[in-house]
Amino acid sequence: MRRIAGDGLTLAVLDEGEGTPVLLLHGFPDSSYLWRNQVPVLVEAGMRVIAPDLRGFGESDKPTAVEEYAISRSVADLVAVLDALDVEGTHVVGHDWGAAVAWAFAAFVPLRVDKLVAMSVGHPNTFRERSIEQREKSWYQLLFLFTGVAEELLTRDDWKLFRQFSRGDGDLERHLEDLSRPGALTAGLNWYRANVGPQRELELRPPVPSVAAPTLGLWSSGDNYLTEDPMLRSGEHVTGPWRYERIEGASHWLQLDAPEKVNDLLLEFLR
């Protein structure tokens, strides 16, 4: 891991291998450790893996102001990291919030993105009108908006509610260890406080531009937080070649539950 200056803070960044660069972006409540099953495979295939702990997560800095967690700030972080590493264009693979950042990066900084892989989360425009099923699955986002209340409820009784929320999926015990550090839980929740909220549905915001890069969308049938529909409709917001793959049986953390399938798709697409 290296310490690299981002947009007004310092990020911890894994930089391993040589060859074609590929940027791996995790989401909540993960860190670059999420990609442990993908990094060695990609490196062996002749790629240079760049996997940052996004701001607020892992070993990266955790600013206290909510507005510091706007997606645009993470896009600026990525530009700074690539500049520091002398990387002009790169493949980008994002999951969860990392996918949201990846979509924005590909849309607003298109010359830096060669190919895009979006895992679990569809193009931002597909969430402008959410189905009732998606709203039901997103119940936790409303809870996360209540500063102090969410922190208290999630950690009470040995993280009982958080354990129920996770349903045992993902790196649960590691998540609890990471989020128990001072300021870490609030930093992670600030991603929701900065980017989602009921008032945003009342705002007339301009649509996010379509993505020109060849794009692969991945969604898993066992995802408890996101429906398939936004990913299916994401092709409407990609002007380059679009491909969609559904991974059966895996939870939201498909790269952990189905690593061989995910790795095969990544290698096939990125090569």
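The structure we're discussing is the one just above.
In this numbering scheme, every chain counts its residues from 1 along its sequence in written order. In keeping with the predicted nature of the model, local features appear solely for residues at pLDDT of at least 70, side-chain atom pairs appear and are counted solely at 80 or more, and the whole-chain, interface and lining totals rest on all residues. Computation of side-chain values covers all heavy atoms of the structure but excludes hydrogens and water.

Student: Summarise the overall build of the protein chain; cite the residues concerned and give the values.
Tutor: The secondary structure content of the protein chain amounts to 11 helices and 8 strands. Taken over C-alpha atoms, the radius of gyration is set against a globule rule of 2.2 Å times the number of residues to the power 0.38. Expected size for 271 residues packed as a compact globule is a radius of gyration near 18 Å; at 17 Å, the protein chain falls within 12% of this value. Its C-alpha atoms give the protein chain principal-axis dimensions of about 45 × 40 × 35 Å. Put simply, the protein chain has 271 residues, and 55% of those count as buried. Note on definitions: a residue-residue contact is assigned when non-hydrogen atoms from the two residues lie within 4.5 Å. In the protein chain, of all internal contacts separated by at least 6 residues, the share reaching a separation of at least 24 is 77%. Accessible areas in this description were obtained via Shrake-Rupley with a 1.4 Å probe; residue shielding takes into account the shown protein chains only. With an accessible surface of roughly 11500 Å², the protein chain has 51% of that area assigned to carbon and sulfur atoms. The distance from the centre of the 27 positive side-chain charges to the centre of the 41 negative ones in the protein chain is 3 Å. A helix here means a DSSP run of H or I that spans at least four residues, while a strand means a run of E at least two residues long, and both kinds are numbered starting from the N terminus. Here the term buried applies to any residue with accessible area under 20% of the maximum for its type, exposed to any over 50%, and partly exposed to those in between, with areas from a 1.4 Å probe on protein chains only. For the purpose of counting charges, residues Lys and Arg are taken to be positive, whereas Asp and Glu are taken to be negative. His and the chain ends are not included. Note on charges: their place is set at NZ of Lys, CZ of Arg, CG of Asp or CD of Glu.

Student: Now, about the packing of aromatic side chains: what can you tell me, with residues and values included?
Tutor: Think of it this way: a Phe, Tyr or Trp ring, Trp meaning its six-membered ring, pairs with another when their centres are within 6.5 Å, and the plane angle makes it stacked under 30 degrees, edge-to-face over 60, tilted otherwise. Counted by the stated rule, this structure contains 18 aromatic pairs. Pairing Phe144 with Tyr192 gives two aromatic rings, centres 5.0 Å apart and planes at 75 degrees, and the pair type is edge-to-face. A residue pair is termed long-range when its members are at least 10 positions apart, and Phe144 in helix α5 (residues 139–144) and Tyr192 in helix α8 (residues 184–195) qualify at 48 residues. The interplanar angle of 50 degrees and the centroid separation of 5.2 Å between the aromatic rings of Phe165 and Tyr225 together place this pair among those described as tilted. With a gap of 60 residues between them, Phe165 in helix α6 (residues 149–166) and Tyr225 in the loop between β7 (215–222) and α9 (229–233) connect regions that are remote in the sequence. Pair check on accessibility: Phe165 and Tyr225 agree, each one buried. Note that Arg174 overlies the ring of Tyr33, its terminal NZ or CZ placed 3.8 Å from the centroid. Put simply, a charge is over a ring when the Lys NZ or the Arg CZ is close to the ring centre, within 6 Å, and near the line of the ring normal, within 35 degrees.

Student: Can you break down the nonpolar core residue by residue, with the values?
Tutor: Residues belong to one nonpolar core when they are buried, are Ala, Val, Leu, Ile, Met, Phe, Trp, Tyr or Cys, and are joined through side-chain atoms within 4.5 Å. Ranked by size, the top nonpolar core spans 86 residues in total, and within it Leu24, Phe28, Val93, Val117, Phe144, Phe162 and Leu270 carry the most contacts. Sorting elements by how many residues they give to this core places helix α3 (residues 97–108) first, with 10 residues. When residues no more than four places from it in sequence are discounted, the contact partners of Leu270 are Val22, Leu42, Met47, His91, Val93, Lys115 and Val117.

Student: I'd like a rundown of the sheet that holds strand β2 (residues 10–16), residues and numbers included.
Tutor: Taking strand neighbours across the sheet as the criterion, the 8 strands line up as β1-β2-β4-β3-β5-β6-β7-β8 in an open arrangement whose pairing is mixed. Each edge of the sheet is formed by a strand with only one pairing partner; in this case those strands are β1 (2–5) and β8 (242–251). Strand-to-strand, the axes of this sheet are offset by a mean angle of 25 degrees, without reference to chain direction. Bridge analysis of strand β5 (residues 90–95) against strand β6 (residues 113–119) gives 5 bridges, and the strand direction is parallel. Within the sheet, the bridge partner assigned to Val92 lies in β6 and is Leu116. Two strands form a pair only when DSSP identifies at least two bridges running between them. For every element, the axis is a line fit to its C-alpha atoms; helices are fit only across the contacting stretch, and the angle between N-to-C directions ranges from 0 to 180 degrees.

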